[in-house]
Amino acid sequence: MTKKIFRGILITSIITMLACLVFIIGVQYQIYIESRYTELESKANIISISADEAELKKYSSIKERITLIDNNGNVLYDNKAVALAMENHAQREEFKEALKDGHGYAVRHSETLGVNTCYYAVLLENGNVLRVSGTSLTVGAVIIELLPPIAAIAVLAFVLALVLASVISKRILKPINEINLDETVIDETYEELAPFVSKINLQKRKIDRQIAELSRSRREFETIAENMSEGLLLTDIKGYILTHNSSIKKFFGVHEDINGKNILTLNRSETFREVFVNIEESRRFENVIKLNGMYYEVTANPVFDEKGKPCGAVILVIDITEKEKREKLRREFTANVSHELKTPLTSILGISDMLKNGMVNPDDVKGFADDINKEASRLINLVNDIIKLSELDEGNIGETETVDLLSIADEVAKRLSPVAEKHGITLSVSGENAEITASEALVFEMIYNLCDNAVKYNKENGSVTVTVGKKDGAPFVSVKDTGIGIAPEYTERVFERFYRVDKSRSKQSGGTGLGLSIVKHIAASLNGKIAIDSKLGEGTEITVFFN
């Protein structure tokens with residue numbers, strides 16, 4: 001605004017200065033012409049005193065031109081030319097005025113000479129007309145003669161205008177620049193600004209409210225976005241990131257700021273290319289991608305401008321790794337359950353068909369009945385274990401109470417002693433009382449499965465030792481056997497559902513492959529940790545520590 005006012009004042013000053021110069025030059029030129037007329041008139045009056053041809057010849061050397069004309073316009077004498085060769089002057093303006101009024105004036109421009117000529121004519125007593133003429137400067141010539149002082153005046157005036165324009169513009173704007181919009185008090189220097197400032201204050205209060213509302217909304221958005229476990233991305237139509245939350249950086253494995261970067265510089269998978277193909281066509285997009293060993297569901301929705309055209313995208317990235325793992329486990333579990341159920345059911349169905357059709361000798365019926373009983377028992381155990389795992393998956397851990405691990409271990413040992421003695425296996429319990437808060441049924445199930453596995457996969461005349469105690473104040477129960485042991489590469493997998501290191505031995509022992517998986521789930525539900533130490537051919541020790 002200062003520049004505009006400065007330019008306005010400066011231009012106005014220059015225009016005014018030029019107008020004054022034109023006026024001064026015009027006045028000066030008029031004064032010059034009048035002085036020239038006065039000079040010619042004086043000379044003409046002097047010469048007219050003795051204006052016969054003989055007397056006029058005395059003025060032949062003066063610079064002015066002297067012409068004597070009769071009353072018919074014929075030239076009688078001219079000190080600069082041959083009179084007889086000159087044209088008739090009856091139509092000359094100064095000549096006609098002299099005949100009419102006694103004297104006459106005229107100015108004519110000579111195109112050939114490029115100068116003005118001033119004429120003064122006076123009527124003599126004998127009826128002739130005496131004319132005296134001389135050249136005069138043109139306006140251009142006057143300007144050229146006056147150019148040095150005009151230039152000096154113009155430069156001085158321009159500098160003065162420049163300084164004044166700068167000072168005046170600053171003084172005009174100073175009160176405006178000093179207006180404090182945070183206060184409603186208005187300086188009385190410019191009363192005309194009062195309505196304007198009042199409107200500005202009103203608008204300012206409105207803008208302040210809007211900014212506060214936007215800031216609050218932005219803080220809420222940032223708080224929500226930063227606390228989302230899902231990744232959130234806002235991009236333009238070309239895929240350049242406008243904003244994001246911290247989860248996105250975690251998913252992509254980056255630490256620097258990614259605002260302004262194209263999403264394809266972070267991940268060039270075909271999925272993200274397809275996102276913007278769909279967004280440009282105003283279509284929603286969904287797909288699953290794998291990043292850094294994790295599975296993510298990508299959902300992209302287009303954002304439209306006021307004309308209804310897509311101008312960007314809102315991309316939501318959800319970690320579904322656990323879901324994918326659960327789905328994989330479910331599929332594997334379903335396949336394993338189907339297989340495990342099919343085996344005993346096939347045996348039972350085959351034997352029952354043979355009995356039904358009379359294909360079994362009476363002496364062999366008892367043996368086939370034993371097989372049916374064995375397969376049915378295996379089937380019941382499998383179903384019970386599946387039900388138990390389902391309950392644990394759903395978080396059904398029953399009512400909790402204070403239970404003593406040593407007492408439960410003793411009870412488990414009594415329950416399994418007949419089976420252990422059958423195989424010549426010694427089952428012993430030692431240690432001290434250790435209490436935890438848990439469901440007694442679950443703790444019994446956990447220790448029972450550990451001991452049952454230790455008996456099933458033991459050697460003939462081996463031993464199973466159950467130790468209960470406390471380590472660093474934390475209760476633990478340990479089950480150690482002298483069995484076949486587990487190779488190091490299989491120690492982590494034995495807790496998977498239906499996993500068996502030796503499938504043939506498991507089938508002979510009647511195991512379902514779910515015992516250690518149930519142990520793992522029960523320990524997890526009780527905030528326990530499992531440690532396994534095993535050497536192939538020497539035995540295995542599994543310890544459960546409780547917090």
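Reading guide: rules and limits
Residues numbered from 1 in each chain as written. Predicted model: local features only at pLDDT ≥ 70, side-chain atom pairs only at ≥ 80, totals over all residues. Heavy atoms only, no water. Buried < 20%, exposed > 50% of the residue type's maximum accessible area, 1.4 Å probe, protein only. Helix = DSSP H or I, 4+ residues; strand = E, 2+ residues; numbered from the N terminus. Pairing = 2+ DSSP bridges. Salt bridge = Lys/Arg side-chain N within 4 Å of Asp/Glu carboxyl O. pLDDT = per-residue confidence, 0-100. Contact = heavy atoms within 4.5 Å. Axes fitted to C-alpha atoms, helices over the stretch in contact; angles between N-to-C directions. Left-handed = near helix turned anticlockwise from the far one by under 90°. Nonpolar A, V, L, I, M, F, W, Y, C, P; charged D, E, K, R; others polar. Phe/Tyr/Trp six-rings, centres within 6.5 Å; stacked < 30°, edge-to-face > 60°. Patch = residues over 30% accessible without salt bridge, like charges linked within 9 Å, V, L, I, M, F, W, Y side chains within 5 Å. Areas by Shrake-Rupley, 256 points an atom, 1.4 Å probe, with all protein chains shown as cover. Lys, Arg positive; Asp, Glu negative; His and termini not counted. Charge placed at Lys NZ, Arg CZ, Asp CG, Glu CD. Core = buried A, V, L, I, M, F, W, Y, C linked by side-chain atoms within 4.5 Å. Polar contact = N/O pair within 3.5 Å; in protein donor to acceptor, adjacent residues only side chain to side chain. Parallel < 35°, antiparallel > 145°, perpendicular 65-115°, else oblique. Arc of directions from axis to C-beta.

**Some details on the pairing of strand S13 (residues 435-438)**
Every regular strand shows the same layout, with side chains that alternate between the two sheet faces. Burial along S13 is one-sided: Ile 436 and Ala 438 are buried, and none of Glu 435 and Thr 437, which face the opposite way, are. Sheet topology places strand S11 (residues 401-404) next to S13; four bridges connect them, and they run antiparallel. Looking at the pairing, Val 403 lines up with Ile 436 of S13.

**Regarding the pattern of salt bridges**
Pairing between side chains of opposite charge can happen when their charged atoms approach one another. Tallying each qualifying case throughout the model produces 13 salt bridges. Put simply, Arg 92 and Glu 87 hold a salt bridge, and the shortest N to O gap is 2.5 Å. What makes Glu 87 exposed here is its relative accessible area of 52%. Taken together, the shared-partner salt bridges in this structure form one network comprising Glu 39, Lys 43 and Glu 64.

**Some points on the confidence of the model for the protein**
Scored by pLDDT, the protein comes out at a mean of 80, with 84% of its residues at no less than 70. At the low end of the mean pLDDT range in the protein sits helix H13 (residues 503-509), at 48; at the high end sits strand S14 (residues 463-471), at 93. Contacts of residues 503-510 to residues separated by more than four positions or lying in other chains number eleven contacts, the stretch itself having pLDDT below 50.

**Observations regarding the sheet that holds strand S17 (residues 539-546)**
Strand order across the open sheet formed by five strands is S12-S14-S15-S17-S16, with mixed pairing between neighbours. Unpaired on one side and paired on the other, strand S12 (426-431) and strand S16 (528-535) mark the two borders of the sheet. The mean inter-strand angle of the sheet, taken between neighbouring strand axes irrespective of direction, is 15°. Alignment of S12 against S14, held across six bridges, turns out to be parallel. Considered in S14, the bridge of Leu 427 is made with Val 464. Packed onto the sheet, helix H12 (residues 440-456) meets S14, strand S15 (474-481) and S17 and runs at close to 20° relative to S15. Relative to the sheet, helix H14 (residues 515-525) contacts S16 and S17, its axis offset from that of S16 by approximately 145°.

**Some thoughts on the packing of H12 against H14**
H14 packs onto H12 with a crossing angle of 145° between their chain directions and a minimal axis gap of 9 Å. As for how H12 packs across H14, the hand of that crossing is left-handed. The segment H12 lies against H14, with Leu 442, Glu 445, Met 446, Asn 449, Leu 450 and Asn 453 engaging Gly 515, Leu 516, Ile 518, Val 519, Ile 522, Ala 523 and Ser 525. A breakdown of the residues in the contact of H12 with H14 according to their chemical character gives eight nonpolar, four polar and one charged.

**Let's talk about unusual backbone geometry**
A positive phi angle, near 55°, is found at Asp 472, a position not held by glycine. As for its position among the elements, Asp 472 is in the loop between S14 and S15. For Asp 472, a relative accessible area of 80% gives the class exposed. A positive phi angle is found at Asn 527, which is not glycine, with a value near 60°.

**Some details on the packing of aromatic side chains**
Within the structure shown, the criterion is met by six aromatic pairs. Seen from their ring centres, Tyr 105 and Tyr 120 are 4.9 Å apart, and the 55° between their planes marks the pair as tilted. With Tyr 105 in strand S3 (residues 103-110) and Tyr 120 in strand S4 (residues 115-123), this pair connects stretches of sequence that are 15 residues apart. With a relative accessible area of 26%, Tyr 105 lands in the partly exposed category. Between Phe 251 and Tyr 296 the ring centres are 4.5 Å apart and the planes differ by 40°, which places this aromatic pair in the tilted class. Of this pair, Phe 251 sits in helix H6 (residues 246-252) while Tyr 296 sits in strand S9 (residues 294-304), and the two are 45 residues apart along the sequence.

**Section: a negative patch on the surface**
A surface patch of negative charge is lined by Glu 399, Glu 401, Glu 411 and Glu 440. Looking at the secondary structure, you find Glu 399 in the loop between helix H10 (365-393) and S11.

**Quick look at the nonpolar core**
If you look at the biggest cluster of nonpolar residues, it comprises 40 residues, and the most contacted ones within it are Val 443, Met 446, Ile 447, Val 477 and Phe 546. If you list the elements that add at least two residues to this core, you get helix H11 (405-422), S13, H12, S14, S15, H14 and S17. Sequence-distant contacts of Met 446, that is, excluding residues within four places in its chain, are made with Val 477, Val 519, Ile 522, Ala 523, Val 544 and Phe 546. In this structure, Leu 233, Ile 248, Phe 251 and Phe 272 belong to the second largest nonpolar core, which totals 22 residues.

**A short note on a nonpolar patch on the surface**
On the surface, Val 155, Phe 158, Val 159, Leu 162, Val 163 and Val 167 cluster together into a nonpolar patch covering about 470 Å² of accessible area. Examined against the element boundaries, Val 167 turns out to sit in helix H4 (residues 139-177). Judged by its relative accessible area of 40%, Val 167 falls in the partly exposed class.

**Comments concerning the sheet that holds strand S10 (residues 310-319)**
In spatial order, the strands read S7-S6-S10-S9-S8; together these five strands make up an open sheet with antiparallel pairing. This sheet does not close on itself; its edge strands, each paired only once, are strand S7 (241-244) and strand S8 (285-291). Pairwise comparison of adjacent strand axes, ignoring direction, gives a mean angle of 25° for this sheet. Pairing of S8 with S9, which is carried by seven bridges, proceeds in the antiparallel orientation. Its bridge partner being in S9, Asn 287 is matched across the sheet by Val 298. Sitting on the sheet, helix H8 (residues 270-280) touches strand S6 (231-236), S8, S9 and S10, and the angle it makes with S8 is about 165°.

**Digging into the side chain of Ser 478**
By the secondary structure assignment, Ser 478 is in strand S15. Among the residues examined, Ser 478 registers a relative accessible area of 3% and is labelled buried. A polar atom in the side chain of Ser 478 sits 3.3 Å from the side chain of Thr 543.

**Remarks on the packing of H11 against H12**
Contact geometry for H11 and H12: axes closest at 9 Å, N-to-C directions at 40°. In terms of orientation, H11 lies oblique with respect to H12. The way H11 lies across H12 gives a crossing that is right-handed. Of the residues in H12, those touching H11 at Leu 405, Ile 408, Ala 409, Glu 411, Val 412, Arg 415, Leu 416, Val 419 and Ala 420 are Glu 440, Val 443, Phe 444, Ile 447, Tyr 448, Cys 451, Asp 452 and Val 455. Per-class residue counts for the contact of H11 with H12 are 13 nonpolar, no polar and four charged.

**Side note on H8**
Buried within H8 are the following residues: Thr 271, Phe 272, Val 275, Phe 276, Asn 278 and Ile 279. Looking straight down H8, one finds that the buried residues subtend no more than 160° of arc, so they occupy a single side.

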